[in-house]
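Reading the structure
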Amino acid sequence: MRKGKAPPPDETSEEAAYLKSLGEKQKPVSIKLADGEVVHGWIEYYDRNMVRLTRETGPNLFIFKHEILYIAEDGKQK
């Protein structure tokens, strides 16, 4: 009898490692929100439910992760 493959894990902890590396390097990112708005800055802090986006122009933002469609690294270095 052949066993099927185990389903993939719900979490791999790679998200936390990626956000940590972005924050440590203060890498500029673009975050696209569920409503279509794109905001720019760098990730200063993150936890299980949200990220804090620090911006040079405008106030810092606390964004719930369920409102984020994607995070993309911007080409330029801060």
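Remember, it's a predicted structure, so these values are computed and weren't measured experimentally.

**Brief notes about the pattern of salt bridges**
Here the structure, examined in full by the defined rule, presents four salt bridges. Between Glu-24 and Lys-20 there is a salt bridge whose closest N-O contact spans 3.9 Å. Pair noted here: Glu-24 and Lys-20 are both in helix α1 (residues 14–25), with a separation of four residues, about one helical turn. Exposure remark for Glu-24: the relative accessible area of 59% places this residue in the exposed category. In this structure, the salt-bridge partner of Arg-52 is Glu-44, at a minimum N-O distance of 4.0 Å.

**Re the sheet that holds strand β3 (residues 50–54)**
One open sheet accounts for five strands, arranged β4-β3-β2-β1-β5; its pairing is antiparallel. Since the sheet does not close on itself, it has two edges, and those belong to β4 (61–64) and β5 (68–73), each with one partner. Shown here is a sheet whose adjacent strand axes are inclined to one another by a mean of 45°, direction ignored. With respect to the sheet, α1 is in contact with β1 (28–33), β2 (38–46), β3 and β5, its orientation differing from that of β2 by roughly 100°.

**A look at the pairing of β3**
The element β3 is largely enclosed, with a buried count of four among its five residues. The pairing of β2 with β3 spans four bridges and is classified as antiparallel. Opposite Trp-42, over in β3, you have Thr-54 as the bridge partner. Between the antiparallel neighbours β2 and β3 lie three residues. Strand direction decides the pairing type here: β3 and β4, joined by four bridges, are antiparallel. What sits directly across from Val-51, in β4, is Ile-63. Adjacent in sequence and paired antiparallel, β3 and β4 are bridged by six residues, among which Gly-58 carries a positive phi angle near 110°.

**Quick word on the environment of Gln-26**
If you trace the backbone, Gln-26 turns up in the loop between α1 and β1. The exposure class of Gln-26 is partly exposed, given its relative accessible area of 33%. For the pair Gln-26 and Glu-44, spaced 18 residues apart in sequence, the C-alpha to C-alpha distance is 7.2 Å.

**Quick notes on the pairing of β2**
Across five bridges, the pairing between β1 and β2 is antiparallel. Bridge pairing in β2 places Pro-28 opposite Trp-42.

Conventions we followed
Residues numbered from 1 in each chain as written. Predicted model: local features only at pLDDT ≥ 70, side-chain atom pairs only at ≥ 80, totals over all residues. Heavy atoms only, no water. Salt bridge = Lys/Arg side-chain N within 4 Å of Asp/Glu carboxyl O. Helix = DSSP H or I, 4+ residues; strand = E, 2+ residues; numbered from the N terminus. Buried < 20%, exposed > 50% of the residue type's maximum accessible area, 1.4 Å probe, protein only. Pairing = 2+ DSSP bridges. Axes fitted to C-alpha atoms, helices over the stretch in contact; angles between N-to-C directions. Contact = heavy atoms within 4.5 Å.

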